[in-house]
Amino acid sequence: MNKRYLSLAAAFGLAAAGLGTASATAATPTAPVAPQSVTSGYVNYNGSGEEAAANKAFFEAVLKSVAEKRAANPGAKQVTVVYDASGAPKFAQQIASSTSIWNSAVSNVKLQEGSGGASFEYREGNDPRGSYASTDGHGNGYIFLDYAQNQQYDSTRVTAHETGHVLGLPDHYEGPCSELMSGGGPGTSCTNAQPDANERAKVDQLWANGLAKALDKLDRMEKTG
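It should be emphasised that the depicted structure is a prediction, and the values quoted were computed from it without experimental measurement.

Caption draft 1: Inspection of the overall build of the protein at higher detail. Helix and strand counts for the protein stand at five helices and six strands. The secondary structure elements of the protein, listed N-terminal to C-terminal, are β-α-β-α-β-β-β-β-α-α-α. Looking at the 225 residues of the protein, the share that counts as buried comes to 52%. For the protein, the proportion of contacts with a sequence separation of at least 24, taken over those separated by at least 6, is 75%. When the accessible surface of the protein is summed, it comes to about 9,600 Å², and 50% of that surface belongs to carbon and sulfur atoms.

Caption draft 2: View of the pairing of strand E3 (residues 110-113). Note: strand E2 (residues 80-84) against E3, four bridges, orientation parallel. Residue pairing for E3: Val-82 is matched across the bridge by Gln-112. Remark: the E2/helix H2 (residues 92-105)/E3 crossover connection has right-handed handedness.

Caption draft 3: Summary view of helix H4 (residues 155-166). The end-to-end C-alpha distance of H4, which contains 12 residues, comes to 17 Å, matching closely the 16 Å that a straight helix rising 1.5 Å per residue would cover. Burial runs high along H4: 11 of the 12 residues are buried. Among all positions of H4, only Ser-155, Arg-157, Val-158, Thr-159, Ala-160, His-161, Glu-162, Thr-163, Gly-164, His-165 and Val-166 are buried. Following H4 by one or two positions, Gly-168 adopts a phi angle in the positive range, close to 110°.

Cut-off values and rules
- Residues numbered from 1 in each chain as written.
- Predicted model: local features only at pLDDT ≥ 70, side-chain atom pairs only at ≥ 80, totals over all residues.
- Heavy atoms only, no water.
- Helix = DSSP H or I, 4+ residues; strand = E, 2+ residues; numbered from the N terminus.
- Buried < 20%, exposed > 50% of the residue type's maximum accessible area, 1.4 Å probe, protein only.
- Contact = heavy atoms within 4.5 Å.
- Areas by Shrake-Rupley, 256 points an atom, 1.4 Å probe, with all protein chains shown as cover.
- Pairing = 2+ DSSP bridges.
- Right-handed = clockwise from strand over helix to strand, strands pointing away.
- Expected span 1.5 Å × (residues − 1).

As C-alpha coordinates, then:
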(Lines give C-alpha, C1' and ligand atoms only; values in the text may rest on other atoms or scores of the structure.)
Protein backbone atom coordinates (compact mmCIF):
# COMPACT_ATOMS: atom_id res chain seq x y z
CA MET A 1 0.00 0.00 0.00
CA ASN A 2 1.51 3.28 -1.08
CA LYS A 3 1.12 6.46 0.89
CA ARG A 4 0.97 10.12 0.18
CA TYR A 5 -0.13 13.34 1.77
CA LEU A 6 -0.90 16.90 1.03
CA SER A 7 -1.03 20.47 2.24
CA LEU A 8 -1.74 23.85 0.68
CA ALA A 9 0.76 23.73 -2.23
CA ALA A 10 1.91 26.56 -4.41
CA ALA A 11 -1.23 28.39 -5.41
CA PHE A 12 -3.07 25.23 -4.52
CA GLY A 13 -1.26 23.11 -7.08
CA LEU A 14 -1.78 19.50 -8.06
CA ALA A 15 0.00 16.22 -7.60
CA ALA A 16 -0.45 12.64 -6.55
CA ALA A 17 0.22 10.88 -3.28
CA GLY A 18 -0.80 7.62 -1.79
CA LEU A 19 -1.23 4.68 0.50
CA GLY A 20 -3.89 2.01 0.53
CA THR A 21 -5.30 -1.46 0.71
CA ALA A 22 -7.96 -3.14 -1.36
CA SER A 23 -10.91 -4.94 0.14
CA ALA A 24 -11.43 -8.65 -0.40
CA THR A 25 -14.72 -7.76 -2.06
CA ALA A 26 -12.95 -5.72 -4.70
CA ALA A 27 -12.21 -8.68 -6.91
CA THR A 28 -13.42 -7.48 -10.28
CA PRO A 29 -11.26 -4.66 -11.70
CA THR A 30 -12.89 -1.94 -13.76
CA ALA A 31 -9.67 -0.26 -14.82
CA PRO A 32 -6.93 -1.80 -17.02
CA VAL A 33 -4.18 -3.63 -15.16
CA ALA A 34 -0.69 -2.22 -15.62
CA PRO A 35 1.72 -4.52 -17.51
CA GLN A 36 3.75 -5.27 -14.39
CA SER A 37 3.35 -6.96 -11.05
CA VAL A 38 0.66 -4.98 -9.28
CA THR A 39 1.81 -6.20 -5.88
CA SER A 40 5.51 -5.43 -6.29
CA GLY A 41 5.19 -1.80 -5.27
CA TYR A 42 3.14 -2.47 -2.15
CA VAL A 43 5.57 -4.47 -0.06
CA ASN A 44 7.67 -1.50 1.05
CA TYR A 45 6.43 1.97 1.79
CA ASN A 46 9.22 4.18 0.68
CA GLY A 47 8.15 7.78 0.99
CA SER A 48 9.58 10.25 -1.49
CA GLY A 49 9.77 14.00 -1.88
CA GLU A 50 7.42 13.73 -4.84
CA GLU A 51 4.80 11.89 -2.78
CA ALA A 52 5.12 14.36 0.07
CA ALA A 53 4.60 17.28 -2.32
CA ALA A 54 1.59 15.53 -3.86
CA ASN A 55 -0.02 14.95 -0.49
CA LYS A 56 0.61 18.55 0.41
CA ALA A 57 -0.96 19.76 -2.82
CA PHE A 58 -4.03 17.59 -2.24
CA PHE A 59 -4.61 18.97 1.24
CA GLU A 60 -4.21 22.51 -0.01
CA ALA A 61 -6.64 21.97 -2.87
CA VAL A 62 -9.23 20.60 -0.45
CA LEU A 63 -8.58 23.42 2.00
CA LYS A 64 -8.99 26.02 -0.73
CA SER A 65 -12.26 24.46 -1.86
CA VAL A 66 -13.58 24.43 1.70
CA ALA A 67 -12.38 27.99 2.29
CA GLU A 68 -14.27 29.23 -0.77
CA LYS A 69 -17.46 27.59 0.46
CA ARG A 70 -16.86 28.94 3.94
CA ALA A 71 -16.35 32.46 2.62
CA ALA A 72 -19.70 32.21 0.87
CA ASN A 73 -21.34 31.08 4.11
CA PRO A 74 -19.44 32.78 6.96
CA GLY A 75 -22.18 32.01 9.45
CA ALA A 76 -21.54 28.26 9.33
CA LYS A 77 -20.61 27.01 12.79
CA GLN A 78 -18.62 24.00 11.63
CA VAL A 79 -16.05 23.40 8.92
CA THR A 80 -17.45 20.65 6.70
CA VAL A 81 -15.59 18.86 3.91
CA VAL A 82 -17.98 17.28 1.41
CA TYR A 83 -16.88 14.15 -0.47
CA ASP A 84 -18.36 12.07 -3.27
CA ALA A 85 -17.99 8.30 -2.84
CA SER A 86 -19.97 7.28 -5.93
CA GLY A 87 -16.78 6.54 -7.89
CA ALA A 88 -15.69 3.78 -5.50
CA PRO A 89 -18.77 1.59 -4.92
CA LYS A 90 -16.75 -1.50 -3.95
CA PHE A 91 -15.29 0.44 -1.04
CA ALA A 92 -18.51 2.01 0.22
CA GLN A 93 -18.25 0.28 3.60
CA GLN A 94 -14.60 1.18 4.11
CA ILE A 95 -15.20 4.80 3.14
CA ALA A 96 -18.15 5.09 5.52
CA SER A 97 -16.09 3.52 8.31
CA SER A 98 -13.04 5.70 7.74
CA THR A 99 -14.99 8.96 7.61
CA SER A 100 -16.88 7.94 10.74
CA ILE A 101 -13.56 7.23 12.47
CA TRP A 102 -12.22 10.69 11.62
CA ASN A 103 -15.46 12.46 12.52
CA SER A 104 -15.32 10.84 15.95
CA ALA A 105 -11.63 11.64 16.38
CA VAL A 106 -11.50 15.39 15.60
CA SER A 107 -13.68 18.40 16.32
CA ASN A 108 -12.55 21.24 14.03
CA VAL A 109 -13.55 19.59 10.76
CA LYS A 110 -16.18 17.08 9.67
CA LEU A 111 -16.43 14.87 6.60
CA GLN A 112 -19.83 14.63 4.94
CA GLU A 113 -20.95 12.66 1.91
CA GLY A 114 -22.72 14.61 -0.81
CA SER A 115 -23.38 14.32 -4.52
CA GLY A 116 -22.96 17.99 -5.36
CA GLY A 117 -20.27 20.53 -4.57
CA ALA A 118 -17.83 17.93 -3.23
CA SER A 119 -14.30 19.08 -2.38
CA PHE A 120 -12.89 15.64 -3.22
CA GLU A 121 -14.01 12.22 -4.40
CA TYR A 122 -13.06 8.57 -4.00
CA ARG A 123 -12.18 6.41 -7.02
CA GLU A 124 -11.27 2.74 -7.43
CA GLY A 125 -9.35 0.57 -9.88
CA ASN A 126 -5.93 -0.94 -10.56
CA ASP A 127 -2.72 1.05 -10.31
CA PRO A 128 0.84 -0.30 -9.82
CA ARG A 129 1.43 2.60 -7.41
CA GLY A 130 -1.27 1.35 -5.08
CA SER A 131 -3.69 3.72 -3.34
CA TYR A 132 -3.00 7.45 -3.22
CA ALA A 133 -4.38 10.97 -2.90
CA SER A 134 -4.10 13.36 -5.83
CA THR A 135 -5.28 16.60 -7.42
CA ASP A 136 -6.16 17.21 -11.06
CA GLY A 137 -4.68 20.68 -11.38
CA HIS A 138 -8.05 22.39 -11.27
CA GLY A 139 -8.54 22.44 -7.54
CA ASN A 140 -10.29 19.06 -7.49
CA GLY A 141 -8.93 16.29 -5.31
CA TYR A 142 -9.52 12.55 -5.24
CA ILE A 143 -8.48 9.44 -3.35
CA PHE A 144 -7.71 6.43 -5.49
CA LEU A 145 -8.21 3.01 -3.86
CA ASP A 146 -6.30 0.20 -5.54
CA TYR A 147 -7.87 -3.25 -5.67
CA ALA A 148 -4.76 -5.42 -5.24
CA GLN A 149 -3.28 -3.35 -2.45
CA ASN A 150 -6.50 -3.46 -0.49
CA GLN A 151 -6.41 -7.24 -0.71
CA GLN A 152 -2.96 -7.27 0.90
CA TYR A 153 -3.58 -4.74 3.67
CA ASP A 154 -6.50 -4.02 5.95
CA SER A 155 -8.80 -2.04 3.67
CA THR A 156 -10.33 0.19 6.33
CA ARG A 157 -6.84 1.16 7.51
CA VAL A 158 -5.82 1.97 3.95
CA THR A 159 -8.91 4.10 3.36
CA ALA A 160 -8.63 5.90 6.71
CA HIS A 161 -4.94 6.52 6.02
CA GLU A 162 -5.63 8.08 2.62
CA THR A 163 -8.43 10.14 4.14
CA GLY A 164 -5.88 11.40 6.65
CA HIS A 165 -4.12 13.05 3.70
CA VAL A 166 -7.31 14.96 2.92
CA LEU A 167 -7.14 16.36 6.44
CA GLY A 168 -3.50 17.38 6.06
CA LEU A 169 -1.46 14.56 7.56
CA PRO A 170 1.74 13.34 5.85
CA ASP A 171 2.99 9.78 5.60
CA HIS A 172 5.19 8.52 8.41
CA TYR A 173 6.08 5.00 7.35
CA GLU A 174 8.64 4.63 10.11
CA GLY A 175 5.97 4.86 12.79
CA PRO A 176 4.37 1.97 14.73
CA CYS A 177 1.06 0.30 13.92
CA SER A 178 -0.62 2.61 16.46
CA GLU A 179 0.05 5.50 14.06
CA LEU A 180 -2.49 5.53 11.24
CA MET A 181 -0.17 7.48 8.98
CA SER A 182 2.54 4.83 9.24
CA GLY A 183 0.48 3.15 6.54
CA GLY A 184 2.02 -0.08 5.31
CA GLY A 185 5.23 0.43 7.26
CA PRO A 186 4.30 -1.97 10.10
CA GLY A 187 3.37 -4.69 7.58
CA THR A 188 0.22 -6.44 6.45
CA SER A 189 -0.59 -7.71 9.96
CA CYS A 190 -1.36 -4.18 11.16
CA THR A 191 -5.11 -3.54 11.07
CA ASN A 192 -5.33 -0.41 13.21
CA ALA A 193 -7.56 2.15 11.48
CA GLN A 194 -7.64 4.71 14.30
CA PRO A 195 -5.48 7.87 14.39
CA ASP A 196 -3.44 8.26 17.56
CA ALA A 197 -3.62 11.24 19.93
CA ASN A 198 -0.88 13.18 18.12
CA GLU A 199 -2.53 12.70 14.74
CA ARG A 200 -5.89 13.81 16.08
CA ALA A 201 -4.38 16.92 17.66
CA LYS A 202 -2.49 17.79 14.46
CA VAL A 203 -5.65 17.64 12.33
CA ASP A 204 -7.54 19.87 14.75
CA GLN A 205 -4.63 22.32 14.73
CA LEU A 206 -4.41 22.35 10.93
CA TRP A 207 -8.10 23.05 10.49
CA ALA A 208 -8.21 25.69 13.20
CA ASN A 209 -5.21 27.60 11.86
CA GLY A 210 -4.99 26.45 8.25
CA LEU A 211 -8.55 27.38 7.35
CA ALA A 212 -8.13 30.83 8.87
CA LYS A 213 -5.04 31.37 6.70
CA ALA A 214 -6.85 30.10 3.61
CA LEU A 215 -9.77 32.44 4.22
CA ASP A 216 -7.41 35.35 4.71
CA LYS A 217 -5.61 34.51 1.46
CA LEU A 218 -8.89 34.29 -0.44
CA ASP A 219 -9.96 37.62 0.99
CA ARG A 220 -6.73 39.28 -0.12
CA MET A 221 -6.97 37.70 -3.57
CA GLU A 222 -10.51 39.01 -4.01
CA LYS A 223 -9.51 42.51 -2.93
CA THR A 224 -6.58 42.64 -5.33
CA GLY A 225 -8.19 40.66 -8.15
